[in-house]
Amino acid sequence: MAGRTGRQSPAYDITPDEVLRFCDFLYRRTGMSFSEDKRYYIDRRLRDRIDATGSLSFQAYFSLLRADADHEIEQLINSFTVNETYFFREDHQLKCLTAGLLDSIVSRKPPGGTVRIWSIPCASGEEPYSIAIWLLENWPQVDSYNIEIVGSDIDTRALKAAAEGIYRDRALMRLSRDIISRYFIPISDDRYQIDEGLRNSIEFTRANLIDARDMATYRDFDLIFCRNVLIYFDDASRRQTAENLCDCLRPGGYICLGHSESMSRISPLFSVSRFPDAIVYQKPEADHG
Ligand SMILES: C[S@@+](CC[C@H](N)C(=O)[O-])C[C@H]1O[C@@H](n2cnc3c(N)ncnc32)[C@H](O)[C@@H]1O
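Values in this document were obtained by computation on a predicted structure and should not be read as measured data. (Residues numbered from 1 in each chain as written. Predicted model: local features only at pLDDT ≥ 70, side-chain atom pairs only at ≥ 80, totals over all residues.)

### Details of helix 6 (residues 126-138)
Across its 13 residues, helix 6 extends 18 Å between first and last C-alpha, which sits within 8% of the 18 Å expected from 1.5 Å per residue. Within helix 6, ten of the 13 residues are buried, leaving the element largely enclosed by the surrounding structure. Every buried residue belonging to helix 6 is among Glu-126, Glu-127, Pro-128, Tyr-129, Ser-130, Ile-131, Ala-132, Ile-133, Trp-134 and Leu-135, and all of these are buried. (Helix = DSSP H or I, 4+ residues; strand = E, 2+ residues; numbered from the N terminus. Expected span 1.5 Å × (residues − 1). Buried ≥ 20, exposed ≤ 12 C-beta atoms within 10 Å, placed from the backbone.)

In structure tokens:
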């Protein structure tokens, strides 16, 4: 029978045991930990994928998933991620960047050296573009160094949107009219595209924070923004993430986390570094072993 949404009631059930098996599968691949209290969220997305693949039961879908037929794992992950983000989110950390943090980073570099910044997860790109705009607006030394900004996420659909750089009003709510006019091209009443120069200056790549092999291809970052993802992980995935990120940083490099996230509770690999605008975490300068 069609419900209020017009969706047909499926001819199959998903048992609590199957939900558990599914959550375990998703957890092992993404680090995201869903429990029974998210049953509605899980059910809706899972049924969408079962229907989209024409599977006739959970069991049939799960077999297809385990064989990764038609790259179904990628589609599944894309449909389970929470991509909430916007420009200049938690801007005290951006202030911190240009009021001390970057000075500390470049004090160890030769003139004209390269500063590597990683936004992971970057979702649909608002965070790495915010970093770039903030530096252009607020860091007088921006032209004296070679700044490389990389944006990465596990969600390939979000990454496609990031590379396209098209945003609606809501994502831009914290930007002044002046900034919008300088870095965006209006393309319709409520849609704006990041200008081409800025779009081309950021590299977007897929990366999985909990996959050590994946993360081994990323090295030598001076600063990593890893904000608002650890809240979806359990302690084991958080620890794995901390270890992976530590390997991606140069000695003395820094990590910024989201406002409700703390490295101290997760891993002893970093020391706390207090700046006037924000607390960040620092990898030791060198191994003292
Ligand atoms: C709420 S957004 C955070 C975006 C941005 N950092 C911010 O704070 O505005 C969370 C992002 O984490 C990504 N994500 C979830 N698990 C991941 C993993 N294992 N590796 C990389 N990204 C992941 C999701 O795809 C989603 O885009």
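### Notes on the site of the ligand
In the vicinity of the ligand there are 23 residues, among which Thr-81, Thr-85, Pro-121, Ala-123 and Asn-228 approach most closely. Along the lines of polarity and charge, the residues of the shell around the ligand split into nine nonpolar, eight polar and six charged. (Near = placed C-beta within 6 Å. Nonpolar A, V, L, I, M, F, W, Y, C, P; charged D, E, K, R; others polar.)

### Notes on the domain arrangement of the chain
What the domain assignment reports for the chain is domain 1 (16-80) and domain 2 (91-282). If you average the C-alpha positions of domain 1 and of domain 2, the two centres end up 29 Å apart. Listed by partner, the interface residues are seven residues for domain 1 and eleven residues for domain 2. Take the side of domain 1 that touches domain 2: its biggest share by element is three residues, from helix 4 (residues 72-80). (Domains from an automatic or database assignment. Contact = placed C-beta atoms within 7 Å.)

### Section: the nonpolar core
Ile-131, Ile-224, Cys-226, Ile-255 and Val-280 are the most contacted members of the largest nonpolar core, which has 69 residues in total. When residues of this core are assigned to domains, at least three fall in each of domain 1 (16-80) and domain 2 (91-282). Beyond its immediate stretch of four places on either side in the chain, Val-280 contacts Cys-96, Leu-101, Tyr-254, Ile-255, Cys-256, Ser-273 and Phe-275. (Core = buried A, V, L, I, M, F, W, Y, C linked by C-beta atoms within 7 Å.)

### Some remarks on the sheet that holds strand 10 (residues 279-282)
In space, the seven strands of this open sheet follow the order 6-2-1-7-8-10-9, with mixed pairing throughout. Lying at the two open borders of the sheet, with one neighbouring strand each, are strand 6 (202-206) and strand 9 (271-274). The sheet shows a mean angle of 25° between the axes of neighbouring strands, direction not considered. Pairing of strand 1 (residues 114-119) with strand 2 (residues 146-153), which is carried by six bridges, proceeds in the parallel orientation. Bridge pairing links Ile-117 to Ile-149 in strand 2. Sitting on the sheet, helix 6 touches strand 1, strand 2, strand 6 and strand 7 (221-226), and the angle it makes with strand 2 is about 160°. (Pairing = 2+ DSSP bridges. Axes fitted to C-alpha atoms, helices over the stretch in contact; angles between N-to-C directions.)

### Brief notes about the sheet that holds strand 3 (residues 166-168)
One open sheet holds the three strands; their spatial order is 3-5-4, and the pairing between them is antiparallel. The sheet is open, and its two edges are formed by strand 3 and strand 4 (184-188), each paired on a single side. Ignoring which end each strand starts from, the neighbouring axes of this sheet average 35° apart. Pairing of strand 3 with strand 5 (residues 191-194), which is carried by three bridges, proceeds in the antiparallel orientation. Residue pairing in the sheet places Arg-168 in a bridge with Arg-191 of strand 5.

### Remarks on the packing of helix 5 (residues 91-106) against helix 6
Helix 6 packs onto helix 5 with a crossing angle of 45° between their chain directions and a minimal axis gap of 10 Å. The orientation of helix 5 relative to helix 6 falls into the category oblique. Handedness of the crossing formed by helix 5 with helix 6: right-handed. Contacts between helix 5 and helix 6 pair Leu-94, Leu-97 and Thr-98 from the former with Ser-130, Ile-131, Trp-134, Leu-135 and Asn-138 from the latter. (Parallel < 35°, antiparallel > 145°, perpendicular 65-115°, else oblique. Left-handed = near helix turned anticlockwise from the far one by under 90°.)

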